[in-house]
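As a plain string of letters, each chain reads:
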Amino acid sequence: MTSPTSDTFTINGDRLWQSLMDLADIGAYDDERTGLRGVNRLALTDADAAGRRQVIAWMEQAGLAVRVDRMGNIYGRREGTDPAAAPVLTGSHIDSVATAGAFDGCLGVLGGIEVVRTLDERGITTRRPIEVAVFTEEEGVRFGTDMLGSAVAAGRLTLRSARALTDRDGLTLGAELARTGFDGPTDVRLAPPHAYVECHIEQGPVLADHDVEIGVVTGVQGISWQKITLHGRAAHAGTTPTRLRADAGLAAAQIVVRLRALVDSGEYGDLRATVGHLVVHPGLTNIVPARAELTVDLRNPDDVQMTRAEEALAAFLRELEGGGPGLSVTTRQMARTAHVPFDEGVQKVVAQAADDHGLAHISLLSGAGHDAQEIAALCPTAMIFVRGEYGGISHNPREYSTPQACAHGVDVLATTLVRLADQD
Ligand code: GLV
Ligand code: MN
Ligand code: MN
């Protein structure tokens, strides 16, 4: 799929950086832990809606025809000389976790718009249309399932089930789409594009460790999210003998420790395990916890090892239930995706583009989930990773990629998109 004789396209790095910083002002907060300015734009909050309006304004200024679908996914289209040809799609998300930086997702969306601006300035036309997508609730931290908008667009999840998901206050995604003005009229099922390419920060240390600028992403590892609720019995902290307790808090702590032991055992491949949410009820000093709720996030590049790890956790939960009277466990799977390999042809176009820009690159598997893994079900797909600073820390206000690193990633995106858009 490579066309090494095509031109390379260099975008305006200052303009890209300015749009990243301008978007980061929307939903900005002072992060007490780091002393830095962070970003909090949870999906379909007022801040996210303001960010979406800003992105649509930039799309329209760049001459894109904008449409919004029933999941609030936004698409901006630049026509090609053959409007009947399937478009080349790029994009990502602008919703964030509650303690985010300026780059996660935003680089892919604003990078796509910057490519369009560059092509317009140069008077470049492509055979195929180019579309820039903004997918809804990629993070999954508000409504509990990640890559939500792209998963519905690609047909893995139904529109009805996605719109019925609720946040912690019981608000449905459907109602929040309507409230924010993003319950669009367009059919959510995406017609297969010709190809999809997403530019994203790496969110890890691998590119910096190899001292290269660009990652050619080979795929995304499997992700398993579940919510575990432990039901114990509230009792007096001073008078209740240990043997009479059904302590939901203790069981929660045991799960955290057991998950780490599964990882450290090395028996489950390259497993990662995180308990990112843990609350006990009623949450008072002198009451044995009656209930505990926690989330478990497992990642594994190997689907067989992932299933084994899930089974090991399930066996431990049964052990906890059997360990004493009064403790019971309920679980709910929140999200589950297998390892997704990306298209080798699109990876080659990305690698060739990096070479033609004189940028060193390596191939790597993504540790994080991305909209690209959903769109991969529809069309040949790959991703471009941009190197991060400070060990590639992400989901943290310290998240940072230099202006030059961002510009280089979007240069590679521009050249890749044009080459794909000129394919038959
Ligand atoms: C997305 O940010 C993820 O959790 O991988
Ligand atoms: Mn992201
Ligand atoms: Mn993220």
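The notes below deal with the structure included here. Keep in mind it's a predicted model, so treat the numbers as computed, not measured.

### Notes on a nonpolar patch on the surface
On the surface, a nonpolar cluster with roughly 290 Å² of combined accessible area is contributed by V256, V257, L278 and V280. Among the elements of the structure, α8 (248-265) and β11 (272-281) are those that each provide at least two residues to the nonpolar patch. Take V257: it is sitting in helix α8.

### Things to note about the coordination of the manganese ion (ligand 3)
Looking at the metal site, the manganese ion (ligand 3) is ligated by D104 (OD), E139 (OE), E139 (OE) and H395 (NE2), spaced 2.1 to 2.5 Å from it. Coordination of the manganese ion (ligand 3) draws on donor residues from a single chain, spaced D-x34-E-x255-H in sequence. In this structure, the manganese ion (ligand 3) lies 3.7 Å away from the manganese ion (ligand 2), the two metals sharing D104 as a donor. On the criterion of sequence distance, the pair formed by D104 in the loop between β5 (88-92) and α3 (106-122) and E139 in the loop between β6 (130-134) and α4 (148-154) is long-range, its members being 35 residues apart.

### Considering the nonpolar core
L20, V55, L107, L110 and I113 are the most contacted members of the largest nonpolar core, which has 95 residues in total. Of the residues forming this core, the biggest block, eleven residues, is contributed by helix α12 (residues 403-421). Beyond its immediate sequence surroundings of up to four residues, L20 is in contact with A102, F103, C106, L107, L110 and C406. In this structure, I228, L230, A251 and V296 belong to the second largest nonpolar core, which totals 23 residues.

### Considering the environment of V280
Examined against the element boundaries, V280 turns out to sit in strand β11. Taking the C-alpha atoms as reference, V280 lies 9.8 Å from T229; in sequence the two are 51 residues apart. Once residues within four sequence positions are removed from consideration, V280 is found in contact with G249, P289, R291 and A292.

Thresholds applied
Residues numbered from 1 in each chain as written. Chains lettered and ligands numbered in written order. Predicted model: local features only at pLDDT ≥ 70, side-chain atom pairs only at ≥ 80, totals over all residues. Heavy atoms only, no water. Patch = residues over 30% accessible without salt bridge, like charges linked within 9 Å, V, L, I, M, F, W, Y side chains within 5 Å. Areas by Shrake-Rupley, 256 points an atom, 1.4 Å probe, with all protein chains shown as cover. Salt bridge = Lys/Arg side-chain N within 4 Å of Asp/Glu carboxyl O. Helix = DSSP H or I, 4+ residues; strand = E, 2+ residues; numbered from the N terminus. Donors = N, O, S within 2.8 Å, 3.2 Å for Na, K, Ca; no water. Core = buried A, V, L, I, M, F, W, Y, C linked by side-chain atoms within 4.5 Å. Buried < 20%, exposed > 50% of the residue type's maximum accessible area, 1.4 Å probe, protein only. Contact = heavy atoms within 4.5 Å.

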